[in-house]
Amino acid sequence: MRILMPRIWKPICLVLVLMACGCDRGNHPSQTGKPAPDFNVSDGTSSIHLANYRGQVVLLNFWASWCAPCVVELPSLQQFHRDHPEYPILAVSIDESDDAYRRFLVQRRVDFITVRDPQKTAANEYGTTGWPETFIIDRQGRIRRRFIGATDWSDPEILQFLKTL
């Protein structure tokens, strides 16, 4: 005798499977506590070498000018940078178009360190597939948090967490 599952169970099972697959993409992925991959990216105008920031708590932000959530996140990230310059923001853009990238920086008055990495060299080292993604790297160079999607950097819990590092 064959037991038929009610139609509602198939979508529920699918949702549970998809949620289980995405569990590693939350704020505490399997990378937490592991050394942050070092990288050196230069776009001819600016460069970022992560090892130069050892001893500081760093926000490593992956973004793109065409990314709507990145645009949403930008004002709070810029305000955080102005209010807390003690936490360097290293922003790595995956923009393919240099013109679009530079135009975005000027129009949005981006005032923290940013570099264009169209080959996604650094993003691939971190397993980044969604934009924006921000990694919090502690003074010892270990990944402590990962934020996926637009983050409100005015959230007091974020600053409180950073102060513990």
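See the structure shown above.
Residues numbered from 1 in each chain as written. Predicted model: local features only at pLDDT ≥ 70, side-chain atom pairs only at ≥ 80, totals over all residues. Heavy atoms only, no water.

J.: I'm lost on the pattern of salt bridges in this one. Help?
T.: A side chain of one charge can pair with a side chain of the opposite charge if their charged atoms are brought near each other. This model, assessed by the stated rule, comprises six salt bridges. As a salt-bridge pair, aspartate 43 and arginine 102 come within 3.8 Å of each other at their nearest N and O atoms. Remark: arginine 102 occurs in helix α3 (residues 98–107) and aspartate 43 occurs in the loop between β1 (40–42) and β2 (47–49); sequence separation between them is 59 residues. Overall, the relative accessible area of 18% leaves aspartate 43 in the buried class. A relative accessible area of 25% places arginine 102 in the partly exposed class. A salt bridge links aspartate 98 to arginine 102, with the shortest nitrogen-to-oxygen separation between them at 3.2 Å. Highlighted residues: aspartate 98 and arginine 102, both in helix α3, separated by four residues, approximately one helical turn. Members of the salt-bridge network, linked through shared partners, are Asp43, Asp98, Arg102 and Arg116. (Salt bridge = Lys/Arg side-chain N within 4 Å of Asp/Glu carboxyl O. Helix = DSSP H or I, 4+ residues; strand = E, 2+ residues; numbered from the N terminus. Buried < 20%, exposed > 50% of the residue type's maximum accessible area, 1.4 Å probe, protein only.)

J.: Teacher, can you tell me more about empty space enclosed by the protein here?
T.: Rolled over the atoms, a probe as big as a water molecule pinpoints where empty space is left. The final tally for this structure, using the stated rule, is one cavity of 30 Å³ or more. Its volume calculated, the largest cavity comes out at about 80 Å³. Every residue along the wall of the largest cavity is listed here: Asn61, Trp63, Cys70, Glu73, Leu74, Leu77, Ala91, Phe104, Leu105, Val110 and Phe112. Elements that contribute at least two residues to the lining of the largest cavity include exactly β3 (58–63), α2 (68–83) and α3. For the lining of the largest cavity, the leading source of residues is α2, giving four residues. (1 Å grid on protein atoms, 1.4 Å probe; cavity = no way out; pocket = protein on both sides within 12 Å on 5 of 7 lines; lining within 4 Å. Points joined across faces, edges and corners; volume = space filled by probe spheres on them.)

J.: Help me understand the packing of aromatic side chains in this model?
T.: Two aromatic rings, taken as a pair, are described by how far apart their centres are and by the angle between their planes. All told, the structure shown has nine aromatic pairs when counted by the stated rule. A ring pair is formed by phenylalanine 80 and tryptophan 153, whose centres lie 6.1 Å apart and whose planes are at 55°; its orientation type is tilted. Separated by 73 residues along the polypeptide, phenylalanine 80 in helix α2 and tryptophan 153 in the loop between β7 (143–148) and α5 (156–163) bring together distant segments of the chain. For tryptophan 153, a relative accessible area of 3% corresponds to the buried category. A connected cluster of aromatic rings, assembled from ring pairs, spans Phe39, Phe62, Tyr126 and Phe135. Sitting over the face of the ring of phenylalanine 161, arginine 145 holds its NZ or CZ atom 5.2 Å from the ring centroid. (Phe/Tyr/Trp six-rings, centres within 6.5 Å; stacked < 30°, edge-to-face > 60°. Lys NZ or Arg CZ within 6 Å of the ring centre and 35° of its normal.)

J.: What is the right way to read the environment of histidine 81 from this model?
T.: For histidine 81, the location among the structural elements is in helix α2. Histidine 81 sits 72 residues away from tryptophan 153 along the chain, and the two C-alpha atoms are 9.3 Å apart. Beyond its immediate chain neighbours, meaning those up to four positions away, histidine 81 contacts Ile89, Asp111 and Phe112. (Contact = heavy atoms within 4.5 Å.)

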